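Each chain, written out:
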Amino acid sequence: MEILIILMPLALGMGALFVFLFLWAVKRGQYDDVETPKYRMLLDETIGPMDPKKGKEI
Amino acid sequence: MLKCAHCDEQALRPIYSAADGEYQFPFCCHGCLTVFELLKEKSLTSYYKIKNASGTFKRRSPVTTSSETFNFLDDERFEATHSYLNYEGQRTMDFYLEGIHCLACLWLIEKLPEYVEGVASAKLDIEKSVVSVVIAHTGKFSRVAQELNQLGYRPHALANSNQAKDLRIQEEKKYLKRLGIAGAAAGNIMIYSFSLYAGADKSVASLFNALTVILAIPVFTYSAWPFYQSAITSIRNKTLSIDIPIALSLLMGFIMGGWNLWHGQEENYFDSLTTLVFLLLLSRYFLKKIQDKGLSLTDLHFFYRNESVQRQSTNGFEEVYSDFLNQGDIIKVHREEFIPADGIVLAGSSLMNNSLLTGESIPVKVDVGAQVFSGTQNLGDELIIQITKVAHETRLGKILKNVEQGWALRSRTVDLTSTVAKYFTLCVVLMSLLLFAILLPEGMEIALTRAMTLLIVTCPCALAISVPLTFHRSLSQASKHGIFIKSDEVFEKLAKVKEIFLDKTGTITLGRLQVINLNSQVPVNNIIYSLEKKSRHPVGRALVEFALEQSAKPLEVTEYLEIPGLGVQGIINGKLYHISRGEIRENGKVIATFQVQDVLRYDSKTIISHFKKLGHKVSIISGDRREVVEQVARETGIDNSYAEISPEEKVKIIKTNDSLMVGDGANDAMALEAASVGIAVSGAMDISLRAADVYLTTPGLVSVEKILILSRETMQVVKRNLILSLCYNSLSVVFVFMGMISPLVAAIIMPASSLTVLISTLLGTKKMRSLWKS
């Protein structure tokens, strides 16, 4: 059980790190708008004009 | 059925663009068509590509176009109150946009810098439909607003109520932090508790136990703070809320865990309790998030007066923001513009559309010396008006003030969970006292521990988690379909509604006139179209629309004359034509007669019969003339009708218990506020939104029926969850009395109960699942 001496601080330290990262992200406003980014990422940088052949498929 | 390529509304009579050679898109109206042509011109047709590929997530109504300059946006005084510097020091203004509904909208809006000069960046919050526009030194906000307006997203500049907004954001961030810490601590505690339950060695066990206590400290203090706070508030207000038993249970758990650690015992309930705190915070966070989806009251405040106006100054007329008008100012109001303040006509004669203010469907004629009111629309020629009253002194302002005061005075009704919480708390406290008394002969410590344990394990967590989640689910489904609900209280109130009051104009009817029959000996379509195409009178517009359907062509008109109240006339091919009061005359001889009517929405009758089937008493309440109201009542099968009612009288009629008012416009605002639930149906931005509890972004009564059914079903689920969670609590009580309780048993019962109500919430009811399919 001696291994616990290493593992426990390691586990707690990792936990603390992630809590810290979360608090940092909250502070930076990364959670202010959680809806739009998930759509924004779907848009490509460049989108060509629409293909006329597919126009009728509405 | 063809769907409009732009707004996805059904295109009953599709029109096609002449400029559109390749796509052959159908459009429902000229508004949507214009936007398409504009996008084509700017080679932004990828809009439709994205839209078709991704689908829509909100409904929108067809585009109505208008040409406005928005010059007031560049006014220094306006900029001072509406723009702010972003963190990089650039000038920014937030606009609420009407009509945001799909991924392609996001694409189009965020591309603003590419096709509008001087825009540095544009960022859209799709859920709130709010775009933050950053402009470079050369840019002008008016230019951006014009462009957005042309594309069919009517912009409304939001005032930088920075303090209120910042406060809300800070509050939300704090909540998230509490949530994160509770989640991390609960997870770690669970690991150590698990090894304790599995039977860890004595030396390791005491170390683990100490660790759980340390980890639990921030949860019980920092994360759980809102529960203590709300418990204290409700005790102070001498009410009982669900937070009191929760706070009690948390406090007891914390004391007992600390006490046991001090005495070298491993027993504590921290694993269950910290998880509980996490889940509670999470469910409430979700509910709060979804409620923020709609517009906040402070944002809505700015809509109805966000207009520019022509004011006389030393160098003629100049455009100013309507808020900056003073008593005595002389203003010019063009055709189709709204009057920004009460005043007296100095020059010109015209027709006024009072429907927003009074509910009358027929325009009223005004001449020099006549009084005109803020919020009415000029349908005829331009008017010169001297302002007599501004802001809160106007008739519209008074209505708004009434509405605001009404909201402030509104008492919070005692909701179902609070009622249950009342008896629940009483019951639990009495039982723990009883237990204490029973066990006292066996020793003080045992009695105290068991009594405390009872308080801990009967924490109404399942109930407290399930209620916000149930509301969250219903709210999110509703908002997906364009129904925005300002508070979750509405569900309970709506489920109790007995009497429904419906406004006529715009609610049951379309709110615009249509020609219902035309008898003529000779073809008159071309004549009607040529004469009436310039008229903004509702009858004239109805005639033009009718003529266009019969594919009318314009003819040359000379000596055209529009006489307010007496129709239009002009000479075509040497003959004098006159259209007035349902008759068309050629050189004085009647050649055709027609009738116009504000026609019913196609589904009004069916839905009203559904209301009746649901057991509601339906009444029609309107400021319009008696015969019109009674005819609509007859056609839709409504037994009860109130006609020629002023906004103030409406309030008196409606102030009954469990009433629902459905309406739009300023004339209904006070009634919407007075009813136990008010639903604004217009879909447009006006004062009624501020007064209503629910607002619909799509017109018509379909959504009203849906929200009524949804509310009933939601309350069903809430009640079901209530019973389920009370069952689990009773089980815990039995265990405690039998002395069979331990942290391990609690660690099984508590999550099990939460899971059960969670599943029950997610399943909803059969009706709920089928509600949105049609």
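Treat the numbers as computed from the prediction; the structure is a model and nothing was measured.

Visitor: Residues and numbers for the domain arrangement of chain B, please.
Guide: All names here are of chain B. One can read the domain layout of chain B as domain 1 (308–406), domain 2 (485–508 + 602–709) and domain 3 (510–600). Each of domain 1 and domain 3 was reduced to a C-alpha centroid, and the two centroids are 29 Å apart. Taking both partners together, domain 1 and domain 3 bury about 850 Å²; carbon and sulfur atoms supply 61% of that area. Contact with domain 3 buries area across many residues of domain 1, yet R335, L351 and L379 alone supply 45% of it, more than any other trio. At the junction of domain 1 and domain 3, the tally comes to 0 salt bridges. Here domain 1 is connected to domain 3 by 0 residue pairs in polar contact (both at pLDDT 80 or more).

Visitor: Please set out the packing of helix α1 (residues 4–27) of chain A against helix α8 (residues 202–223) of chain B residue by residue, giving values where relevant.
Guide: One way to put it is that α1(A) packs onto α8(B) with a least axis distance of 14 Å and a crossing angle of 10°. By the angle between their axes, α1(A) is roughly parallel relative to α8(B). For the pair α1(A) and α8(B), contact is made by L4(A), M8(A) and L12(A) and by V204(B), L207(B), F208(B), L211(B) and L215(B), respectively.

Visitor: Lay out the environment of L724(B) with the relevant residues and their values.
Guide: Residues and elements named next belong to chain B. Along the chain, L724 turns up in helix α27 (residues 702–737). In sequence terms L724 and C4 are 720 residues apart; their C-alpha atoms lie 47 Å from each other. Among all residues touching L724, those that are not within four sequence positions of it are T756, V757 and S760.

Visitor: Describe the sheet that holds strand β19 (residues 567–572) of chain B, naming the residues involved and giving the relevant values.
Guide: Where strands meet in a sheet, backbone hydrogen bonds hold them as pairs that are either parallel or antiparallel. Residue and element names in this part refer to chain B. Read from one edge of the open sheet, 6 strands run β17-β22-β21-β20-β19-β18, paired in antiparallel fashion. Here the strands that pair on one side only, and so sit at the sheet edges, are β17 (509–520) and β18 (558–563). Each neighbouring strand pair of the sheet contributes to a mean axis angle of 15°, computed without reference to strand direction. Pairing analysis gives 8 bridges linking β17 to strand β22 (residues 589–600), with the strands arranged antiparallel. Bridge pairing in β22 places N519 opposite T593. The strands touched by helix α20 (residues 525–532) within the sheet are β17, β18, β19, β20 (575–580) and β21 (583–586), with β19 carrying the most contacts at an inclination of about 115°.

Visitor: Any details on the interface of chain B and chain A? Residues and values, ideally.
Guide: Taken together, the contact pairs 38 residues of chain B with 29 residues of chain A. Summed over both sides, the interface of chain B with chain A buries roughly 3000 Å², with 70% coming from carbon and sulfur. Linking chain B with chain A are 1 salt bridge, by the criterion used here. In this structure, R40(A) and E110(B) form a salt bridge, with 2.8 Å as the shortest nitrogen-oxygen distance. Counting across the chain B and chain A interface gives 4 residue pairs in polar contact (both at pLDDT 80 or more). Broken down by secondary-structure element, the contributors of at least two residues to the side of chain B that touches chain A are α2 (46–54), α4 (103–110), β3 (119–125), α7 (162–197) and α8 of chain B. Looking at which element gives the most residues to the side of chain B that touches chain A, the answer is α7(B), with 9 residues. Split by residue class, the side of chain B that touches chain A holds 21 nonpolar, 5 polar and 12 charged.

Visitor: Go over the packing of aromatic side chains with me, naming the residues and quoting the values.
Guide: All names here are of chain B. For the coordinates displayed, the defined rule picks out 16 aromatic pairs over all chains. Considering the side-chain rings of Y175 and Y285, the 6.3 Å spacing of their centres and the 15° angle between planes classify their relative orientation as stacked. Here Y175, found in helix α7, pairs with Y285, found in helix α11 (residues 270–292); they are 110 residues apart in sequence, far enough to count as distant. The residues Y175 and Y285 share a single accessibility class, namely buried. Ring centres of W225 and Y228 lie 6.2 Å apart, and the angle between their planes is 80°; this geometry places the pair in the edge-to-face category. With W225 and Y228 both in helix α9 (residues 225–236) and 3 residues apart, this pair spans about one turn of that helix. Accessibility expressed as a relative area gives 44% for W225, which makes it partly exposed. Ring pairs connect the aromatic residues F25, F27, F36, Y47 and Y48, which therefore count as one cluster. If you follow R178 out to its NZ or CZ, it ends over the ring of Y222, 4.9 Å from the centre.

Visitor: So, the sheet that holds strand β9 (residues 342–347) of chain B: which residues are in play, and what are the values?
Guide: Residue and element names in this part refer to chain B. Read across the open sheet, the 6 strands follow the order β7-β6-β8-β14-β9-β12; overall the sheet is antiparallel. Because the sheet does not close on itself, it has two edges, and the strands there are β7 (316–321) and β12 (371–372). In this sheet, β12 lies alongside β9 in antiparallel orientation, the contact comprising 2 bridges. Its bridge partner being in β12, G343 is matched across the sheet by V372.

Thresholds, definitions, all that
- Residues numbered from 1 in each chain as written.
- Chains lettered and ligands numbered in written order.
- Predicted model: local features only at pLDDT ≥ 70, side-chain atom pairs only at ≥ 80, totals over all residues.
- Heavy atoms only, no water.
- Domains from an automatic or database assignment.
- Buried area = accessible area lost by both parts, 1.4 Å probe.
- Salt bridge = Lys/Arg side-chain N within 4 Å of Asp/Glu carboxyl O.
- Polar contact = N/O pair within 3.5 Å; in protein donor to acceptor, adjacent residues only side chain to side chain.
- Axes fitted to C-alpha atoms, helices over the stretch in contact; angles between N-to-C directions.
- Helix = DSSP H or I, 4+ residues; strand = E, 2+ residues; numbered from the N terminus.
- Parallel < 35°, antiparallel > 145°, perpendicular 65-115°, else oblique.
- Contact = heavy atoms within 4.5 Å.
- Pairing = 2+ DSSP bridges.
- Nonpolar A, V, L, I, M, F, W, Y, C, P; charged D, E, K, R; others polar.
- Phe/Tyr/Trp six-rings, centres within 6.5 Å; stacked < 30°, edge-to-face > 60°.
- Buried < 20%, exposed > 50% of the residue type's maximum accessible area, 1.4 Å probe, protein only.
- Lys NZ or Arg CZ within 6 Å of the ring centre and 35° of its normal.

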